[in-house]
Structures are given as structure tokens and as C-alpha cells.
Amino acid sequence: MPFPSLLLRRVTLLTLSSAGLIASPLPLVAQQPTAANAPRPMTWLDAQNMKQFSAAVPSPDGKWALYSVSTPDWKEARRQSDIYLVSTSQGVASTRQLTFTREKNETNPAWARDGKFFVFLSDRDAPPAGAAAASRGSTLPTSGPGMPYFPAAAGGGAGGVGMQLFMMRPDGGEARRITDARDGVSTFAFSPDGRWLIYRSGSATQEQLYAVPVTALVAGGVASATQLTRHATGVGLWRIAPDSRRIYFAAADTIDPDEKARLDKRFDVRVRNMETPLYSLWALDLDGRRTTRMTSDSTYSVGDMTISPDGKWIGFHGLSVDRYERNILEQNEFADVYLLSVASGTVERLTTNKEITESAVSFSPDSRTVAFSAPDAFVMRHNLRVYVRAVEARGTAFRKLGAGFDGPVTIGFWSPDASTIYFNVGIKATDQVAALDVAADRVRVVTADRASLRASQDEESDRIFVTRSDPQTPSTIFTVATAAQLGERSAWTQLTDANPWTRELALGAVEEITWRGAGGTPVGGVLVKPIGYQAGTKYPLIVSIHGGPQSADVLNFNGGYGSQVYAGAGYMVLMPNYRNSTNYGQRFEIESQGDYFTKGYQDIMAGVDHLIRTGLVDSTQMGVLGWSAGGHWSNWILTHTNRFKAISTGAGVYNWISMYGESDTQRGRQWYLGDKMYWDDMQHWWKQSPAAYIKNAKTPTMIHVVDGDPRVPRPESEGLHMALKRLGVPTEFFVYPGGTHGIPDARNQLVKATAEMAWMDYWVRHSGRKFAWRDVLNTLEEKRPIRAADAVP
């Protein structure tokens, strides 16, 4: 399952009288709360109109932070981004909006090394078509000194259109354009010594690096850029050395001019697993403008790279040269990690693993230790561990750390003295921050928040940023000066408040619950109670099944495909963390290998029985929904019980055998189904497929899929839909445009959510009303969209 935020969902709201649970329709679009009216339930349009923010980018002294806020415009079906400034000591009250381009986008701010100005990407000078395209993207977090910024939309055409670089002072004033790149700017970074602003620009496969002296930027005007590279095959991934004397970049070994020519002439057939060039690592000396090839090994293709803080070492992934193992979703399972000595040019292969994914190489702040994370004992699906070694101890064994912790141990960031590695980890229905003592090989959890939080560190200022969400609070950025303060909430400073209007919503109570699942094993999950919940009243139930399955529902805001909207309509919502979920230990996560559904299904049904037994749920009014792995389980439930009145399944498997060849991922599913290929274990694969039991299906089922879904392709949903039609089971089938695993556009996310909830209302609560297109068309006819335009972000 990719990103649940892509799957925001459902329909016309309902309220219930506390006595008779009688449904009465409310409009899909509700008024924003004011002092004169009571808090209202959350709507699907509220979910679409949430503002989003990028990662915070601290000034070199750590006193200020820049970030961008993406504001939705529902009527125009787009988002628009502006840049904000906030004091890391004063927090939200000090927030200032710096850019105000209503129709354009400003993203990816980056500070000059002296902190006197910053630069950012914008399409403010691009024609409207370019702006609209850019508005559909989102920005990626920044990485640190010498690391280029990768905007989501960077391209353009002749005449300097697309994303260009602008500069601005943090004390305000008008932004000034500083580049005029014909094809726009795709990535950029300041050199660590502060002398150069370097960016990449050019047509596809022919991008080159350019440099602008910072002194010229300060002087004013559009700065003249010097072209640094004229590499025959263009520049791919690139990094600036810590001493600012070199730029390292990956580039294709060869280029086929006929490949571009055939596309230009519309011979645009798509070749699956097409032969593509290998990539090698190159170095550009900034003083002499001379390029040197650093790797010449035809047994791997250079992937990502990490430079040690002292600049003496480069770690990188070496991808497989096999065309069927590279440029695929699972390419890192066929890769290994390598270490390059910059001085000698020698390359050491650090791992030799088949079908095992290692993380990117990491170096301690003093550059004395090299590390990476990988499964325990390099066994697929086992808990991740950290492997460390002295960087100069070539050929010696790595030391495994974290084996005593029953959860994944990864590398987030190091303490300045290199004694501790901090990482984010899921623990039951929460997300926490943990610390690994490198010398003692001991893990301790440093936060204990009933929430979902993630911490990261800015490499230059060492300042810590925490992104946090809980059932009452949308995602928010906080900061602390040091990692030692992570466990002290009083030391946190809140930096963002993008959606303050949500505090005026009526929300259902949310709690973590546990019950006994298959074999008596404790199973956990999240329960959302309906607004106005009264003890002793039995409520209709929605079982919301997460994807993955290596994932978990946690105590965050409006989780479970929009649980708070269902709570506002009078439903109880159960989000079960069934067998195969993360956050509950290795055995819980992997013990269903070879029998994908049985224990997870029993866990889910035991959770439902627990709610019925405790008097919370009306057993005659229950529905199930899910996407991806949640869709898999929805299809299994469809073919194994008639206890539910309605099912809505998204991107779910019908036949594991057919999906193996249709999908962009194979190895993980093979593992889940017993680790044999289906032609060697045909009956076993078939018996784990919902298709094998389709004659049992009786429950009205709505089916959703994206037309070009690469993960769970459309034919799986087509097969299920055809079978239900022939069996006479009530069914609807919605196919959404796009080529992603999740619904890519806001309009159709709303359609899915609205139609799905209408399906539940009709079959679970017998509303007598089915989904109508007017339900969503009405949202475009409101006098104003639901958004807090005057909110302080």
C-alpha cells in the first residue's frame, strides 16, 4: 500500500437521533464553525481542504525556519504553495507569510550559508499551463548542506519557463528572479562554503550542472550562470563534497540517440524491462572544471550515494545489471552496498546478498564509522538491524546492533558525538522515537506519546524537528534544540498550525483497544466512537482495514480512510492491526507466511466479536472497507462470511496466480504465499485466493481501482466484478483515471469517499438512497470552498 493520504474518501453525511438511530441527511459541504454555532462533524470536503506543509528548513544558526504551505483550491482542482518564516524559539506566534502568489507556487526554500537571504523555486513567470502542472505536485523535504533540493515539478520549455530560482531576504521585500534556465531548474544546492549556488537544468537525459557565484546574487539582477558540465549522457543524481571542491554525480555510461528519435517520431511502444544504460560515478573538480570517472565496474550500476562528513568516503548502492532486476519497484532487493575511498579510488563491496534490501550507507559525524540497516541475519522480512564497522577496516566483519529489540532498528540520525543513533519506530498504535546506544548495543524508547510522531535532524544546525499528529490534531511541526529534549514535551516549540479550524470540529473519541485473536494472541487496533456516543447504545460498525500489510493504524488525525467523517455520521469505526501488521513484534508480523489470510481474518473477526460482546456494536449493521492489502482482506471476508451488510474493496487481489504476472511487485508476495513459485505450488496459491471461494459471496460489494494501477492491476477488480455480476450479488465498479496505486486526483478521491459511504448507508443502515452525481457536483456550486483562508499556518 502506498500513501493512505492519496485515498481520502466518502459521502453525504448523516446524523443519528440518540434514541432511535434514525438517519437524516446533512449536506456534504458544511459551514465553518463560528462562535454562533455549535461544533459540526467533519465532512469529506474538509478532508480534501486540509492545508499541507513541507519540511522545515532551519537557518544556519538554527534561529529561524522556512517552510512552504500548500493550500487547496477545490473549485479549481489544484493546490497553490507559498513560503512562511517562523522563529524556532518563539514558535507559531512569530509566523510570517513571505510570498503571496495566488495562482503560482513557491517551494523548496534554501538558506544562503550566511543566513542573509534564501532562494526558492517558483513557476510565477511560467504560463498558466505550467503553473497548473506544478500545482499538482508536492515538495520533498530538504537534506542538508551540499545536498540538492529535488522539486516535484521542474521542467518547462523554451524561453525560461517552468520552475526558476528566486531569492528573497527573510525580513521581507519582493522576491527577485535569479535564473533564466531555458528548460527550468530541476535541482539545486548551495555549496557548503557558501560561494556558489549550483543547479541542474536541461532536457531529459541531457541535464547539466550550472553555477552562479553568490556574490553576483547579492549584487542584484539576473545572475549569469556558468555551465560546469558538458557530460555526453547528462547528469543524474549529484552531491557536493563537504569541502566544496568537488561535485560527485552519477551518469549513464552510454546513450542511444535512436531511443529519443523513435519517441520523437511517435514509435512510442513501451518495452517492458527494456535494456537501459548502466550508471557510473563521476567527480567534477570545481577549480579546474575537470571530470574524472570514479567507478568503472560493469557488474553494477550506481544508485544513490552518501558522502562522509570528512569527504574521504562515498557509500552507494550498486544496482543489478540484469534488466529484469533493475528499474523495477524491487530493484534494491537485488542491489548491494559499496564503499569508495576517494583518495585511492578503490571500491569495497560491503554486502553480498540476494533478495535482501539494505538501507543507504550512513557515516557517523566523525566519519570513523560506516553503517547501514538490513534484516536481522539478512533473512527476508525479519526485523531490521543496524550494522556498523570502522570505515577504514576494509574486509572486516560488521557488528550487528539492536538484536535485543523486538522491532525494526534503523538509522535516522546520529548524535554529534556519534555515540547514539536515533530512529523512528512504531510501537502498537503509536509512532515513537527511539535511541540506539552504539557502544552498549542497547535500545531505549525516548518518547511516550499517545500519538504518531517522526523526528529528523538538520545536518548543519543539528536542530531536531518533530512532525506530530494525534486523534484531535492534524500533522504539526515542532522543534527542539537537541535530541536529549525529545522526551520533554515542555521543551518542544510548535512551529506550524496549518489547520486551526479543525479544533472547532466535533470529533469522535478515539482509543487504542486490544482483544484476543487467532490462537489467543493479543491483537490491537484503534477504535473511533461516534460523535455523541452514549454508553449502552449499540452503533453501526465500519471495519476499516489498513493496507500493507506491513503497516499499522495508529493514534493520528482522521485515520482509517476518514474515520472521523464516519464518526460524524454515527458509525463506530474499528481499525484492526491484524496479523502481518507492523508495530507488534517480529513473530506477529511474519508468522502468517504460507497462509496469508487465515490468522489475519480471525484477528479481524475476533475484534468485531469483541465489540459486539461489549455492547458497542449492532451486529445487524456492519460494513467493511479497505484499499490494497485492506482490499485483499475485504475480498477474503466477502468470500468467507455473510455477517456484513456491505463491503467496499479498493485495489484488492482476486487471484494471486494471475496477479503475480500483472503486478510490478512479485518477491514479497511469493514470500507471503509460502516462498515457492506458483507453478511449483499451484493449489496452495489458489487456495489462498479469494477467487477460489467466490461462490460463497453474498454481500453487496462496491469495487474501486485506478485504471493503470501497477501494484494491484485493474484485471483483479475486473475478475471480481464479473463473478459477482454472474452470481447475482449486488455490485458497483468504479474505475478511476490514472496510473498510480492510489487515486491521484482530489476530485476522484472525493467521488470514491462519497460513493463508498453512500454504499454503506444504503446497505448497512437502509437509508433508501444511493450515490448520485449531484452529491459531488454540489460541492462546486457552493459560494465558497471550505478553507480557512485567514488561518495562521
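This text follows the structure it describes.
Described in the following lines is the structure provided in the data block. Note that the coordinates shown come from a computational prediction; the quantities given were computed from them, not determined experimentally.

### Notes on the pairing of strand S9 (residues 106–111)
Line of reasoning, step 1. Most of S9 is tucked away: six of the six residues are buried.
Line of reasoning, step 2. Pairing analysis gives four bridges linking S9 to strand S10 (residues 118–122), with the strands arranged antiparallel. Across the sheet, the residue bridging to Thr 107 is Leu 121, located in S10.
Line of reasoning, step 3. In sequence, S9 turns back onto S10 through a hairpin of six residues, with Gly 115 there showing a positive phi of about 75°.

### Structural notes on the sheet that holds strand S25 (residues 362–363)
Line of reasoning, step 1. What the four strands build is an open sheet, ordered S25-S26-S27-S28; its pairing is antiparallel. A strand with exactly one partner marks an edge of an open sheet, and here the two such strands are S25 and strand S28 (399–401).
Line of reasoning, step 2. Bridge count for S25 against strand S26 (residues 369–375) is two bridges, and the pairing is antiparallel. Directly across from Phe 363, in S26, lies its bridge partner Val 370.

### Observations regarding the pattern of salt bridges
Line of reasoning, step 1. Scanning the entire structure with this criterion turns up 41 salt bridges.
Line of reasoning, step 2. Where Lys 400 meets Asp 376, a salt bridge forms, and the shortest distance between an N and an O atom there is 2.5 Å. Taken as a pair, Lys 400 in strand S28 and Asp 376 in the loop between S26 and strand S27 (384–390) lie far apart in primary sequence, 24 residues in all.
Line of reasoning, step 3. We classify Lys 400 as partly exposed; its relative accessible area is 32%.
Line of reasoning, step 4. Glu 718 serves as the salt-bridge partner of Arg 714, at 2.6 Å between the closest nitrogen and oxygen.

### A closer look at helix H4 (residues 257–264)
Line of reasoning, step 1. The N-cap of H4, judged by a side-chain oxygen 3.0 Å from the amide nitrogen of Asp 258 a few residues on, is Asp 256.
Line of reasoning, step 2. Arg 266 sits one or two residues past H4 and shows a positive phi near 65°.

### Comments concerning the sheet that holds strand S12 (residues 172–177)
Line of reasoning, step 1. Strand order in this open sheet of four strands is S9-S10-S11-S12, and the pairing throughout is antiparallel. The open sheet terminates on both sides in strands that have one partner only, identified here as S9 and S12. Averaged over all adjacent pairs, the angle separating strand axes in this sheet is 30°, with direction ignored.

### Regarding the nonpolar core
Line of reasoning, step 1. In terms of nonpolar packing, the biggest core is built from 99 residues, with Leu 541, Tyr 566 and Trp 633 touching the most fellow members.
Line of reasoning, step 2. A per-element tally of this core places helix H13 (residues 746–764) first, with nine residues.
Line of reasoning, step 3. In terms of nonpolar packing, the next biggest core, distinct from the first, is built from 20 residues, Met 163, Leu 165, Ile 178 and Tyr 199 among them.

### Here we look at the environment of Leu 217
Line of reasoning, step 1. Within the secondary structure, Leu 217 is located in helix H3 (residues 214–219).
Line of reasoning, step 2. Remark: the alpha-carbon pair of Leu 217 and Ile 178, spanning 39 residues in sequence, is separated by 7.1 Å.
Line of reasoning, step 3. If we ignore the near neighbours within four places in the chain, the residues touching Leu 217 are Phe 117, Met 167, Arg 176, Ile 178, Leu 197, Val 212 and Ala 223.

### What to know about the packing of aromatic side chains
Line of reasoning, step 1. Counted under the stated rule, the structure contains 40 aromatic pairs.
Line of reasoning, step 2. Ring geometry for Tyr 660 and Trp 685: centres 5.8 Å apart, planes at 75°, overall edge-to-face. Residue Tyr 660 is found in helix H9 (residues 656–662), and its partner Trp 685 is found in helix H11 (residues 682–687); the two are separated by 25 residues along the sequence.
Line of reasoning, step 3. Between the aromatic rings of Trp 759 and Trp 763, the centroid separation amounts to 5.8 Å while the plane-to-plane angle is 55°, which identifies the pairing as tilted. With Trp 759 and Trp 763 both in helix H13, this residue pair falls four residues apart, about one helical turn.
Line of reasoning, step 4. A network of ring pairs unites the aromatic residues Tyr 578, Tyr 596, Phe 597, Trp 633, Trp 636, Trp 656, Trp 671, Tyr 672 and Tyr 693 as a single cluster.
Line of reasoning, step 5. Across the ring face of Tyr 571, the terminal group of Arg 765 is positioned such that the distance to the ring centre comes to 4.2 Å.

Definitions and cut-offs
- Residues numbered from 1 in each chain as written.
- Predicted model: local features only at pLDDT ≥ 70, side-chain atom pairs only at ≥ 80, totals over all residues.
- Heavy atoms only, no water.
- Buried < 20%, exposed > 50% of the residue type's maximum accessible area, 1.4 Å probe, protein only.
- Helix = DSSP H or I, 4+ residues; strand = E, 2+ residues; numbered from the N terminus.
- Pairing = 2+ DSSP bridges.
- Salt bridge = Lys/Arg side-chain N within 4 Å of Asp/Glu carboxyl O.
- Polar contact = N/O pair within 3.5 Å; in protein donor to acceptor, adjacent residues only side chain to side chain.
- Axes fitted to C-alpha atoms, helices over the stretch in contact; angles between N-to-C directions.
- Core = buried A, V, L, I, M, F, W, Y, C linked by side-chain atoms within 4.5 Å.
- Contact = heavy atoms within 4.5 Å.
- Phe/Tyr/Trp six-rings, centres within 6.5 Å; stacked < 30°, edge-to-face > 60°.
- Lys NZ or Arg CZ within 6 Å of the ring centre and 35° of its normal.

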